[in-house]
Amino acid sequence: MNRPALHCAIGGFADPAKLAAVPELRNAVVEASARSSVLMSGPQTTRSATGALVAADLDLTHLSDTARRLAMPPNSSAIELVAAAYDRFDDELGHVLEGAFAIAIWDPKRATLVVVRDRFGLKPVVYRANARGLALASDPEAVIAMTGDRPEHDVLWITEHLSGQLTNQTRTAWKDIVRLPPGKLMHYRDGTLSPQRTWWSLEPRDLSAAEQTDEALRDALSDATGEAMSGGSAAAMLSGGLDSSSLAILASRLSSEPFPTYSLRFPSAPELDEGEYIDAVLEAGNFRPKMLNGGVGTALDPTLSDLFLTNQQQPFPGFGMVTTHTICSAARADGHAVLIDGHGGDEVIGGASFSYLNELARSGEWAKLWTLLRKLHGFAGGRGAVASFVMAYARHGGNRSAAKLAGRLQRRLFSSSDPAQPDWLSIVSPELVSRLDLRARSEAASTALYSDMPFGFATHARALAGDLTPSAFELLDRATRPMGLQLRFPFYDRRVVELCVNRSDADKIKNGQPRALMRDAMKGILPEHVRLRSTKVDFTANNRRAMREDPQGQLRRYIDNPPERLEPYVNIARLQETARALFDTSADAGGLEVMQLWRAAWLDMWLEREERARQPIASGIEPIREVHA
């Protein structure tokens, strides 16, 4: 059963007769007045006590707390709480809501549409506005269907897809279709779209002594996991990693029955199999586990590639799409409506683990840095402490002569034998790299957010608020919505995030352990074998295996006969090089080559789809006026 999406059309786009071909709009609520016509539908719709029409895609948490704050009955539904929050707090309604939400509210008294997206972008919102009106939805193709034509492609978005360096949270693959970023709201009134406004962002705050304890984080994460288990038959992904293992064991402790988990095993590739960690977690809790084969299948299979492109609607970066599909399909087939996902643990718990090292070097605390580096590399089982110290001193050493000596040693130790080694931009057309100034754009974007905040906080906050975060949530939402499955992410509970991002930089890498906050919080709960694991599996080999299957010969064709449609965007020589490297079994292609080839392949398939679907672009449409407050 498909999980419904959000749709809203105003003005010339709100024509019920023209929109009858869009299945989800056949039962939409239509409101017409002398000033404007509005058409809205969504998974949840209602009318507030003051007459506002509310449509939303909601997966709220802490409903009883919200109901208490709004003086509503404790059994109030999520959409009733949203309507009450708007009536009481107007545009500030987001501050009393927790969890995932994309909300559109038509206020007839103000003749204004108010659109609000949740703090971290868990629910997608895209829109298109021009002189004819506004069309808004969860997905770009729905906007295209409502507006009746396909906009031109956004060249900058395509180049950033290819390089993996995303710099803008508003762009999509189409020029005129815009994303509403996380924590933003906007107004549309009388044919005018107001600039997007920030209603929430991460802010530093001083934690109390109690909030800085291991128990505080453990209790917050346990509470978030309990919220994720509510509202339907729930299960959890269990990979054996620190994040998913922590959530699974907490869910097991909260469940009165054996808690269902889904894990991938790799019987044909033991180096990828995390069975020893999975089994340790299962032995420590009360579970009903299901094991799935993760070493089969390829996203380039025509059936899967067509499904994935249909769902995602634009090129996407997710290497794990097949394994995600395998787990989610199995969970849905077993009757689960909710799947708990450990996605985000790296960013929330460890987003600034290494910034403290940089701070010690910048402040010249070399003894502390050396001690911490020794602990860090000892924990990881490596011998790189000296090399890391040399690199830090070469960059930040105050003694010019010593820094020069360290610099020479650094170049001797770390300089590439190939000075022309390709980088992340090498797959992009050189003409576009130069014309769009992609390197400078990426460097500027990397420090633009939270530039006025303390270094450690800013580093951690950027890991959470950068464009990769909402992009990943949009990908996962579109992958699972057609199944009728709701993914939930306890690490992105606001309270968990605030407890982690505001801890000291030293705490985040205490005793040389990355993600020390989680390791300490789970002491006595998670098996030590899992809690103190220092490694992560590199799945490049499985990605390479899947791509080499190449069932339609698409990747092999890139070696000698790459399609012309890629030429405006792709460095064809580099594309051919990466394709040859993939199929050269004597020297396996590295992670960069595999990633670049993957992204180019999905761009190719999407462009081919666009060629088939392309309609003449409507002319004579003037751009929307923006009002600056």
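A. Quick look at the overall build of the protein chain. Per the secondary structure count, the protein chain includes 26 helices and 19 strands. Taking 25 Å as the expected radius of gyration for a compact globule of 629 residues, we find that the protein chain reaches 25 Å, a close match to that expectation. Along the first, second and third principal axes, the C-alpha atoms of the protein chain reach 75 × 60 × 50 Å. Residues counted as buried form 54% of the 629 residues belonging to the protein chain. Within the structure as shown, the protein chain displays about 26800 Å² of accessible surface, and the carbon and sulfur contribution to it stands at 50%. Here the protein chain contributes 71 positively and 77 negatively charged side chains, and the mean placements of these two sets differ by 3 Å.

B. Spatial organisation of the packing of helix H4 (residues 155-163) against helix H26 (residues 591-613). One can describe the packing of H4 onto H26 by two numbers: an axis separation of 8 Å at closest approach and a directional angle of 145°. Contact residues: Ile158, Glu160, His161, Leu162 and Ser163 in H4; Met595, Arg599, Ala600, Leu603 and Trp606 in H26. A per-class count over the contact of H4 with H26 returns 6 nonpolar, 2 polar and 2 charged.

C. Just the environment of Arg533, in detail. Looking at the secondary structure, you find Arg533 in the loop between helix H22 (528-531) and helix H23 (540-549). A C-alpha to C-alpha distance of 26 Å links Arg533 and Arg462, two positions 71 residues apart in sequence. The residues contacting Arg533, other than those within four sequence positions of it, are Gly240, Gly241, Glu274, Tyr277, Phe379 and Arg519. There is a polar contact of 2.6 Å between the side chain of Arg533 and the side chain of Glu274.

D. Region of the structure containing the packing of aromatic side chains. Tallied over the entire structure, the rule returns 10 aromatic pairs. Arranged with centres 5.1 Å apart and planes meeting at 65°, the rings of Phe120 and Tyr492 form a pair that is edge-to-face. Residue Phe120 is found in the loop between strand E7 (112-117) and strand E8 (126-130), and its partner Tyr492 is found in the loop between strand E18 (486-488) and helix H19 (494-501); the two are separated by 372 residues along the sequence. Taken individually, Phe120 and Tyr492 each receive the classification buried, so the pair is uniform in this respect. Centroid distance Phe473 to Tyr492: 5.0 Å. Interplanar angle 85°. Geometry classified as edge-to-face.

E. Inspection of the sheet that holds strand E16 (residues 287-293) at higher detail. Ordered by their spatial adjacency, 5 strands build an open sheet running E16-E15-E14-E17-E18, and the pairing between neighbours is parallel. Each of the sheet's edge strands pairs with one partner strand only, and the pair in question is E16 and E18. Across the sheet, the axes of successive neighbouring strands diverge by a mean angle of 30°, strand direction being ignored. Where strand E15 (residues 259-265) meets E16, 7 bridges bridge the pair, whose relative direction is parallel. Within the sheet, the bridge partner assigned to Thr261 lies in E16 and is Pro289.

F. Molecular detail of the environment of Leu166. Checked against the element boundaries, Leu166 lands in the loop between H4 and strand E10 (178-179). Spatially, the C-alpha atoms of Leu166 and Thr198 are 20 Å apart, while their sequence positions differ by 32 residues. Every residue in contact with Leu166, bar those within four places of it in the chain, is listed here: Glu160, His161, Asp467, Leu468 and Ser471.

G. Quick peek at the side chain of Asn502. Tracing the backbone through its elements, the reader meets Asn502 in the loop between H19 and helix H20 (505-508). Separated by 3.0 Å, the side chain of Asn502 and the backbone oxygen of Glu498 make a polar contact. Residues contacting Asn502, with those up to four places away along its chain left out, are Glu203, Pro204, Arg205, Leu207 and Phe457.

H. Layout of the pattern of salt bridges. Scanning the model with the defined rule gives 50 salt bridges in all. Notably, a salt bridge pairs Arg481 with Asp139, separated by 2.5 Å at the nearest N-O pair. Linking Arg481 in the loop between helix H18 (468-480) and E18 with Asp139 in the loop between strand E9 (133-137) and helix H3 (140-147), this pair joins segments that are 342 residues apart in sequence. There is no split in this pair, since Arg481 and Asp139 are both buried. The closest approach of N and O atoms between Asp273 and Arg265, which form a salt bridge, is 3.0 Å. Judged by relative accessible area, Asp273 falls into the partly exposed class, the value being 23%. One salt-bridge network, in which partners are shared between bridges, spans Arg3, Asp57, Lys123, Asp139, Asp477, Arg478 and Arg481.

I. The arrangement of the pairing of E7 in detail. When you tally the buried positions in E7, you get 6 out of 6 residues, the bulk of the element. Judged by which residues are buried, E7 turns out to be covered on both faces: Thr112, Val114 and Val116 on one side and Leu113, Val115 and Arg117 on the other are all buried. As defined by bridge partners, strand E6 (residues 98-107) adjoins E7 across 6 bridges and the pair is classed as antiparallel. Pairing of Ala104 across the sheet is with Val115, part of E7. Count of turn residues in the E6/E7 antiparallel hairpin: 4 residues, of which Ala111 carries a positive phi of about 50°.

J. Structural context of H3. By the criterion of burial, H3 is predominantly enclosed, with 6 of the 8 residues buried. Along H3, the residues that are buried comprise Pro140, Ala142, Val143, Ile144, Met146 and Thr147. Elements that come into contact with the buried residues of H3 comprise strand E1 (7-11), E8, E9 and H18. Directly beyond the C-terminal end of H3, a positive phi value near 90° is found at Gly148.

K. View of the nonpolar core. Membership of the largest hydrophobic core comes to 157 residues, with the highest contact counts inside it found for Ile103 and Leu339. At 10 residues, H26 tops the list of elements feeding residues into this core. The contacts of Leu339, once residues within four sequence positions are left out, are Ala235, Ala236, Met237, Tyr262, Ile327, Cys328, Ala331, Leu485, Gln486, Leu487 and Arg488. Counting 22 residues, the second largest nonpolar core, distinct from the first, contains Leu6, Trp106, Tyr127 and Met186.

L. Local environment of the sheet that holds strand E3 (residues 37-41). Spatial strand order, E2-E3-E1-E9-E8-E10: 6 strands in an open sheet with antiparallel pairing. Looking at which strands have only one partner, the edges of the open sheet turn out to be strand E2 (29-32) and E10. Inspection of the sheet shows E1 paired to E9 by 5 bridges, in the antiparallel sense. Paired with Ala9 across the bridge in E9 is Ala135.

M. Spatial organisation of the environment of Ala337. Here Ala337 shows up in the loop between helix H9 (321-333) and strand E17 (338-340). The partly exposed category is assigned to Ala337, whose relative accessible area is 25%. Separated by 149 residues in the primary sequence, Ala337 and Gln486 place their C-alpha atoms 6.1 Å from one another. Excluding residues that lie within four positions of it along the chain, Ala337 makes contacts with Ser233, Arg332, Gly484, Leu485 and Gln486.

N. Up close: helix H13 (residues 385-396). Over its 12 residues, H13 extends 16 Å from the first C-alpha to the last, a length consistent with the 16 Å expected when each residue adds 1.5 Å. Listed as buried for H13 are Ala385, Val390, Ala392 and Tyr393. One face of H13 carries all of its buried residues, which in axial projection span an arc of 165°.

What counts and what doesn't
Residues numbered from 1 in each chain as written. Predicted model: local features only at pLDDT ≥ 70, side-chain atom pairs only at ≥ 80, totals over all residues. Heavy atoms only, no water. Helix = DSSP H or I, 4+ residues; strand = E, 2+ residues; numbered from the N terminus. Rg over C-alpha atoms; globule rule 2.2 N^0.38 Å. Buried < 20%, exposed > 50% of the residue type's maximum accessible area, 1.4 Å probe, protein only. Areas by Shrake-Rupley, 256 points an atom, 1.4 Å probe, with all protein chains shown as cover. Lys, Arg positive; Asp, Glu negative; His and termini not counted. Charge placed at Lys NZ, Arg CZ, Asp CG, Glu CD. Axes fitted to C-alpha atoms, helices over the stretch in contact; angles between N-to-C directions. Contact = heavy atoms within 4.5 Å. Nonpolar A, V, L, I, M, F, W, Y, C, P; charged D, E, K, R; others polar. Polar contact = N/O pair within 3.5 Å; in protein donor to acceptor, adjacent residues only side chain to side chain. Phe/Tyr/Trp six-rings, centres within 6.5 Å; stacked < 30°, edge-to-face > 60°. Pairing = 2+ DSSP bridges. Salt bridge = Lys/Arg side-chain N within 4 Å of Asp/Glu carboxyl O. Core = buried A, V, L, I, M, F, W, Y, C linked by side-chain atoms within 4.5 Å. Expected span 1.5 Å × (residues − 1). Arc of directions from axis to C-beta.

From the geometry alone we can't say anything about function, so treat these as descriptive.
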